[in-house]
Amino acid sequence: MTAKLWDAASGKELITLRGHQDGLSSVAFSPDGKRLATSSQDKTVRVWDASTGRELLTLRDFRDQVWGVVFSPDGARLATANHDKTATIWDAATGRQIVILRGHQYSVDCVAFDPEGKRVATSSLDKMAKIWDAATGEELLTLAGHQAGVYAVAFSPDGKHLATASLDASAKLWDLELPRELVTLSGHSDKVNSVAFS
């Protein structure tokens, strides 16, 4: 129920973040490295000062567990992946709810902003990933093709492609402009939990 901040060079523990009442599901730095956001099964998201460990903000308007949190590229917003089949975009300074993304049939497990902060990708146990307009919440695209729940999503640095990781032991690369599936990456013997671009 704690998160820890470590010095990457020495391995020394710098700060312990205490306050969540249940297990943590994810942690993310703001783009400037000055804040940390943590999501938890206690139905909250907390934002912390990365240099002091002081809690800056707590988001509590969740109906269920929160599986993921990420900052927008400019650090002004947070997006959360929620067990209640939604994702939510928040003002990272005030905690004001900006928009709720509704359309998945099961728990949303991961959320990611595109490099410009204009779109959000979500993944769900409903075997799909979706792309949304980050300002309006409009669903722009549904990517279907996995045989089991989609556990993680990542935009390419140019925002033209999306990678998805699935419980079906594969990852897929999608072209978002066409749109279509480009390739399936298989070879793992168990679920693929995470995916990232170089």
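Residues numbered from 1 in each chain as written. Predicted model: local features only at pLDDT ≥ 70, side-chain atom pairs only at ≥ 80, totals over all residues. Heavy atoms only, no water.

Peer 1: Could you clarify how one ought to interpret the packing of aromatic side chains in this entry?
Peer 2: In this description, an aromatic ring pair is defined by two values, namely the gap between the centres and the angle between the planes. According to the stated counting rule, one finds 1 aromatic pair in the structure shown. Aromatic side chains Phe-62 and Trp-90 sit 5.1 Å apart centroid to centroid with 50° between the ring planes, which places their arrangement in the tilted category. Separated by 28 residues along the polypeptide, Phe-62 in the loop between strand E6 (55–59) and strand E7 (66–71) and Trp-90 in strand E9 (residues 86–91) bring together distant segments of the chain. Residue classification places Phe-62 among the buried residues on the basis of a relative accessible area of 10%. Trp-90 gets classed as buried once you look at its relative accessible area, which sits at 1%. (Phe/Tyr/Trp six-rings, centres within 6.5 Å; stacked < 30°, edge-to-face > 60°. Helix = DSSP H or I, 4+ residues; strand = E, 2+ residues; numbered from the N terminus. Buried < 20%, exposed > 50% of the residue type's maximum accessible area, 1.4 Å probe, protein only.)

Peer 1: Honestly, the nonpolar core in this entry has me stumped. Any pointers?
Peer 2: Nonpolar side chains in soluble globular proteins generally cluster together in the buried interior. Of all hydrophobic cores here, the largest spans 18 residues; its most connected members are Ile-131, Leu-143, Val-153, Phe-155, Leu-162 and Leu-176. Elements represented by at least two residues in this core include exactly strand E11 (108–113), strand E13 (128–133), strand E14 (139–144), strand E15 (150–155) and strand E16 (161–166). Tallying contributions element by element places E15 first for this core, with 4 residues. Contact partners of Leu-143, with chain neighbours within four places excluded, come to Lys-127, Met-128, Ala-129, Leu-162, Trp-174 and Leu-176. (Core = buried A, V, L, I, M, F, W, Y, C linked by side-chain atoms within 4.5 Å. Contact = heavy atoms within 4.5 Å.)

Peer 1: In this structure, what is going on with the side chain of His-146? I would like to understand it.
Peer 2: Within the secondary structure, His-146 sits in the loop between E14 and E15. Separated by 2.8 Å, the side chains of His-146 and Thr-164 make a polar contact. Side chain to side chain, His-146 and Asp-168 meet in a polar contact 3.0 Å long. Ignoring any residue separated from it by four or fewer positions in sequence, one finds His-146 in contact with Lys-127, Thr-164, Ser-166, Asp-168, Ser-170, Ala-171 and Lys-172. (Polar contact = N/O pair within 3.5 Å; in protein donor to acceptor, adjacent residues only side chain to side chain.)

Peer 1: Got a minute to help me understand a nonpolar patch on the surface in this structure?
Peer 2: Taken together, Tyr-106, Leu-125, Tyr-151 and Leu-167 make up a surface patch of nonpolar side chains, about 370 Å² in accessible area. Relative accessible area serves as the criterion here: at 52%, Tyr-106 is assigned to the exposed category. (Patch = residues over 30% accessible without salt bridge, like charges linked within 9 Å, V, L, I, M, F, W, Y side chains within 5 Å. Areas by Shrake-Rupley, 256 points an atom, 1.4 Å probe, with all protein chains shown as cover. Salt bridge = Lys/Arg side-chain N within 4 Å of Asp/Glu carboxyl O.)

Peer 1: What exactly am I supposed to notice about the sheet that holds strand E17 (residues 170–175) here?
Peer 2: In a beta sheet, neighbouring strands pair by backbone hydrogen bonds and run either parallel or antiparallel. In spatial order, the strands read E15-E16-E17-E18; together these 4 strands make up an open sheet with antiparallel pairing. Looking at which strands have only one partner, the edges of the open sheet turn out to be E15 and strand E18 (180–186). Each strand of the sheet is rotated relative to its neighbour by a mean of 20°, with strand direction disregarded. Pairing geometry for E16 and E17, over 5 bridges, is antiparallel. The partner of Leu-162 across the bridge, within E17, is Trp-174. (Pairing = 2+ DSSP bridges. Axes fitted to C-alpha atoms, helices over the stretch in contact; angles between N-to-C directions.)

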